[in-house]
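The primary structure of each chain is shown beneath.
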Amino acid sequence: MANICKIIFVLLVFASCTDNRKVIDQEITSIKDLQCQAAKFNKNRFDLFEQIRAIEEKTPIDTVAVDSLKKKAQGIKMESLKLADSLSQRLTGFLKSHQLNKEDRTYFDEKINALIEECKK
């Protein structure tokens with residue numbers, strides 16, 4: 001009887017881990033577009049700053065071009081910050097609403113890190 005209880009306990013623990021991981025996978029999938037868009041904004045912003053730096057290195061500085069690029073970079077920065085806030089709130093809400101054990105939290109962190117790396121490509 002004790003062995004049956006242990007087996008049932010192990011199965012319940014395994015089943016709950018599997019359910020948590022499915023929920024984690026669904027959440028990661030649902031934020032993928034937001035994360036990749038944020039990564040794209042970040043890359044575009046740094047590309048603009050490289051363009052500004054290249055223009056400013058020229059002897060006669062083209063202030064119109066620099067100002068135009070700075071304005072564009074500021075707009076991208078604002079959109080990037082909005083996305084970052086949205087992602088942060090979404091992930092915080094997810095973590096608050098789902099009680100993840102240590103293994104599931106590690107799985108979640110690994111999935112997030114993999115998504116970040118995927119979006120950088």
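Residues numbered from 1 in each chain as written. Predicted model: local features only at pLDDT ≥ 70, side-chain atom pairs only at ≥ 80, totals over all residues. Heavy atoms only, no water.

## Some thoughts on the pattern of salt bridges
The condition is simple: Any Lys or Arg side-chain nitrogen located within 4 Å of an Asp or Glu carboxyl oxygen qualifies as a salt bridge. A run of DSSP states H or I qualifies as a helix once it reaches four residues; a run of E qualifies as a strand once it reaches two. Both are numbered from the N-terminal end. Note on exposure labels: buried denotes an accessible area under 20% of the residue type's maximum, exposed denotes more than 50%, and partly exposed covers the range between, all computed with a 1.4 Å probe on protein chains only.
Throughout the structure, instances matching the rule amount to nine salt bridges. Measuring nitrogen to oxygen at the nearest pair gives 3.1 Å for the salt bridge that ties Asp104 to Arg21. In this pair, Asp104 is assigned in helix H3 (residues 102-120) and Arg21 in helix H1 (residues 2-57), connecting sequence segments 83 residues apart. Of the residues examined, Asp104 reaches a relative accessible area of 0% and is grouped as buried. A relative accessible area of 28% places Arg21 in the partly exposed class. Between Glu118 and Lys32 there is a salt bridge whose closest N-O contact spans 2.6 Å. Of this pair, Glu118 sits in helix H3 while Lys32 sits in helix H1, placing them 86 residues apart in sequence.

## Concerning the environment of Arg90
To keep things clear, this is the line we draw: Working rule for contacts: check all heavy atoms of both residues, and any pair within 4.5 Å makes them a contact.
With respect to the element layout, Arg90 can be found in helix H2 (residues 63-97). If we skip the residues at most four places from it in the chain, Arg90 touches Glu27, Ser30, Ile31 and Leu34.

## Here's the deal with the confidence of the model for the protein chain
Heads up, the condition is: Here pLDDT means the predictor's own confidence in every residue, given as a number from 0 to 100.
Residues of the protein chain with pLDDT of at least 70 account for 83%, and the chain-wide mean is 81. Within the protein chain, H1 has the poorest average pLDDT of any element, 75, and H3 the best, 90. Low confidence marks residues 5-17, where pLDDT is under 50. Its contacts with residues over four positions away, or in another chain, come to two contacts.

## A short note on the packing of H2 against H3
Rule in force here: Orientation is described by axes fitted as lines to C-alpha atoms, over the contacting stretch for helices, and by angles from 0 to 180 degrees between their N-to-C directions. Should an angle lie under 35 degrees it is considered roughly parallel, over 145 roughly antiparallel, and from 65 to 115 roughly perpendicular; all remaining angles are considered oblique. By convention the crossing between two helices is left-handed if the near helix lies anticlockwise of the far one by an angle smaller than a right angle, and right-handed if it lies clockwise. Side-chain classes follow a simple rule in which Ala, Val, Leu, Ile, Met, Phe, Trp, Tyr, Cys and Pro form the nonpolar group, Asp, Glu, Lys and Arg form the charged group, and the remainder, Gly included, forms the polar group.
It is at 13 Å that the axes of H2 and H3 come closest, and there the two elements cross at 165°. Taken as axis vectors, H2 and H3 run roughly antiparallel relative to one another. Between H2 and H3 lies a crossing of right-handed hand. Where H2 approaches H3, its residues Leu91, Phe94 and Leu95 are matched on the opposing element by Arg105, Phe108 and Ile112. Of the residues assigned to the contact of H2 with H3, the class counts are five nonpolar, no polar and one charged.

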